[in-house]
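# Descriptive analysis of the structure
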Amino acid sequence: MPDSTRKTRVNKSLLSDRFEKPIEWLIKICGWSSLAALTAILIFILKGAGPMISKINWVEFFTSTKWVPSPGTGNEPHYGILAMLVGTLSTTALALLISVPLGLAAAVYISEFATGKVKEFLKVLLELLAAIPSIVWGFIGLMVLAPLIQNWFGVQQGRNLLNGGIVLGLMSVPLIVSLSEDALRAVPDAYREAALALGASKWEIVFRVLFPAARNGLLAAVMLGLGRAIGETMAALLATGHANQIPSAITDPVRTITATIAAEMGEAPKNSDHYHVLFILGLVLFVITGVVNVVADLVIKGTKKHV
Amino acid sequence: MSTHIEFSDVSVHYGQKRAVDRFSFKIAEHSVFAFVGPANSGKTTMLKCINRTIEFIDAAKVTGQVLLKGQDVKAIRDVYSLRRRIGMVFPLPVGLPLTVYENVAYAPRRMGVRNKAELDEIVERCLRDSVLWDEVKDRLDMLGTKLSGGQQQRLTLARALSLSPEILCLDEFSIAIDPVTTMKIEDVLMQLKEKMTIILVTNLTQQARRMADHVAFLNDSELVEWGENEAMFNRPKKEITGRYLNGEFG
């Protein structure tokens, strides 16, 4: 009897041994596949940008606001993206200004204050909100927000930086809330109890204990919200007014890089200079998000070292 | 000695489940009162009734009275001030995500102690009382969560002492600490008894025997019996008490 039990145990371990290697490989492949996808995207964009990378005047590209990609015959084309760059960065900044406080506050409420049915209801609501297609958000900007902004600010054009910032901000909120809520919930209850026992109020627990403890998760939530705001195309196209200019007021129309690609890709003849330049715009977006992520990583590492 | 804490017919239910069944006992000032009993006997729930952190468990329903120096804790308007009077040490070490120094200075600072020298003095005294000072004095600005488990546990003890509480509750404080350090802390606790009442929840019956003036035996949400240390260990009224305290239970 003891002999037979030992045998089965040995067999079992052999069986799992046989799976050990393939599973390890499978997991390895899954892990590296993200790098493969990233490389493939970069190659795709570089290939699309192709000949224009060397042909383009890079100084003009970053310092001029003149964007005339398909001039009439006999005229010089101009590829200056400064205005779009400012448009993208300003709408994103405004969006974050709205979505980060709103998102974090909502996450704190859902995770720490709401209970029972209210909590469940709000979570379902947020998921629903996250599932609204971007074109619908854009439409809300176009049909609801634009007239409101026209009335409130007394401006001609309701589709502008403010409109775009609000719409992109609201779009990022569900993402930020759900990720921050996860991060807050992952903080062990023991922390809360320990702080409570010291006589801390709920707000003190949130600011002094939960935020520091969940710092990395919260930062990740903000970064993903930022990614969403930078990358959003459809809503940006509809809500920002799509005017290629550097805004001098919050109510000026702007144009984003993403919206430019979306609007012009259809009309640029394949393999024309215009077509290739649009890929360079994609490359710029790629670099911006890359830089943002690296900076976020450094921030996380930096705070880890200091505290 | 006058009564510091009195439980009068206190019951706690979590929904339908009974966690504490009609506890009545009195704890004298400046004494060590030990609660022993197996898991799920209501020890931790009982502690939570004293500082009213039980109120954060939605399903919990408390009946009966918990009296602190004759005053019903439910009648204390400022619950935070109540909690500051009671130091709590939890079974698992929880270094708050702050530096070692800030873990201890946190509560005094909140109470308005701004003077750096005064804070330094509090931090050093508390860390010495929890037998941690020698190990951390050169790295007070390190994250508390980076200490070892046993060190973190002593850090939570230091934190609990930081407001010079009138009651110190220790919920199985020594499970993450080695026996030598445990003995050192026990010595310190016996001295602290001069200044505060100590409630000790422990799985180690020998620890109760060494330290406690009074011992209560809990089992299955019931307070089986309580009395003076010597009587409980040598002449328990109920057979089950004697068997548990002498390690013959189950």
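Quick summary incoming for the structure in this document. Being a predicted model, the structure only gives us computed values, none of them experimental.

## Comments concerning unusual backbone geometry
Residue and element names in this part refer to chain B. A positive phi is found at Lys-69, a non-glycine position, where the angle reads about 50°. Note on placement: Lys-69 falls in the loop between strand 4 (60-68) and strand 5 (71-72). Even without being glycine, Glu-172 reaches a positive phi, approximately 45°. Relative to the helices and strands, Glu-172 is located in the loop between strand 7 (167-171) and helix 7 (179-192). Glu-172 sits in the buried class, given a relative accessible area of 14%.

## Focus on the interface of chain B and chain A
The interface of chain B with chain A comprises 25 residues on the first partner and 19 residues on the second. For the chain B face of the interface with chain A, the top three residues by lost area are B:Phe56, B:Pro97 and B:Tyr106, together amounting to 27%. Scanning the region where chain B abuts chain A turns up 2 salt bridges. The residue A:Glu193 makes a salt bridge to B:Lys48 at a minimum N-O spacing of 3.2 Å. Our enumeration of links across chain B and chain A arrives at 3 residue pairs in polar contact (both at pLDDT 80 or more). The set of elements that each furnish at least two residues to the side of chain B that touches chain A consists of helix 2 (79-84), strand 6 (86-89) and helix 3 (100-110) of chain B. Counting residues per element, the side of chain B that touches chain A draws most heavily on helix 3 of chain B, which supplies 4 residues.

## A closer look at the pattern of salt bridges
Residues and elements named next belong to chain A. In the structure shown here, the tally under the stated rule is 26 salt bridges over all chains. Ionic pairing is found between Arg-192 and Glu-112, a salt bridge with its closest N-O pair at 2.8 Å. Placement of Arg-192 in helix 8 (residues 189-197) and of Glu-112 in helix 4 (residues 82-113) is noted, with a sequence separation of 80 residues between them. Exposure class is identical for Arg-192 and Glu-112. Each is buried. One salt bridge in this structure joins Arg-255 and Glu-264, with 3.1 Å as the shortest N-O distance. Comparing Arg-255 with Glu-264, the two get one shared label, buried.

## Remarks on the side chain of A:Thr91
All names here are of chain A. Here Thr-91 is to be found in helix 4. Among the residues examined, Thr-91 registers a relative accessible area of 1% and is labelled buried. Reaching out from Thr-91, the side chain makes a polar contact with the backbone oxygen of Thr-88 at a distance of 3.0 Å.

## Observations regarding a nonpolar patch on the surface
Residues and elements named next belong to chain A. Residues Ile-135, Val-136, Phe-139, Ile-140, Met-143, Val-144, Leu-148, Trp-152, Phe-153 and Met-234 make up a contiguous nonpolar surface patch of about 940 Å² in total accessible area. Of the residues forming the nonpolar patch, the biggest block, 9 residues, is contributed by helix 6 (residues 134-153). Along the chain, the position of Met-234 falls in helix 11 (residues 234-239). A residue is classified by how much of its surface remains accessible, and Met-234, at 32% relative accessible area, is partly exposed.

## Looking at the environment of A:Ala107
By secondary structure assignment, the location of A:Ala107 is in helix 4. Among the residues examined, A:Ala107 registers a relative accessible area of 0% and is labelled buried.

## Details of the nonpolar core
In terms of nonpolar packing, the biggest core is built from 88 residues, with A:Phe61, A:Leu281, B:Phe7, B:Phe25, B:Phe35, B:Met46 and B:Ile199 touching the most fellow members. Not counting residues within four places of it along the chain, the set of residues in contact with B:Ile199 comprises B:Ile5, B:Ile27, B:Phe33, B:Phe35, B:Leu47, B:Ile50, B:Ile167, B:Leu168, B:Cys169 and B:Leu170. If you look at the next biggest cluster of nonpolar residues, it comprises 46 residues, including B:Leu157, B:Leu168, B:Leu170 and B:Ile177.

Definitions and cut-offs
Residues numbered from 1 in each chain as written. Chains lettered and ligands numbered in written order. Predicted model: local features only at pLDDT ≥ 70, side-chain atom pairs only at ≥ 80, totals over all residues. Heavy atoms only, no water. Helix = DSSP H or I, 4+ residues; strand = E, 2+ residues; numbered from the N terminus. Buried < 20%, exposed > 50% of the residue type's maximum accessible area, 1.4 Å probe, protein only. Contact = heavy atoms within 4.5 Å. Buried area = accessible area lost by both parts, 1.4 Å probe. Salt bridge = Lys/Arg side-chain N within 4 Å of Asp/Glu carboxyl O. Polar contact = N/O pair within 3.5 Å; in protein donor to acceptor, adjacent residues only side chain to side chain. Patch = residues over 30% accessible without salt bridge, like charges linked within 9 Å, V, L, I, M, F, W, Y side chains within 5 Å. Areas by Shrake-Rupley, 256 points an atom, 1.4 Å probe, with all protein chains shown as cover. Core = buried A, V, L, I, M, F, W, Y, C linked by side-chain atoms within 4.5 Å.

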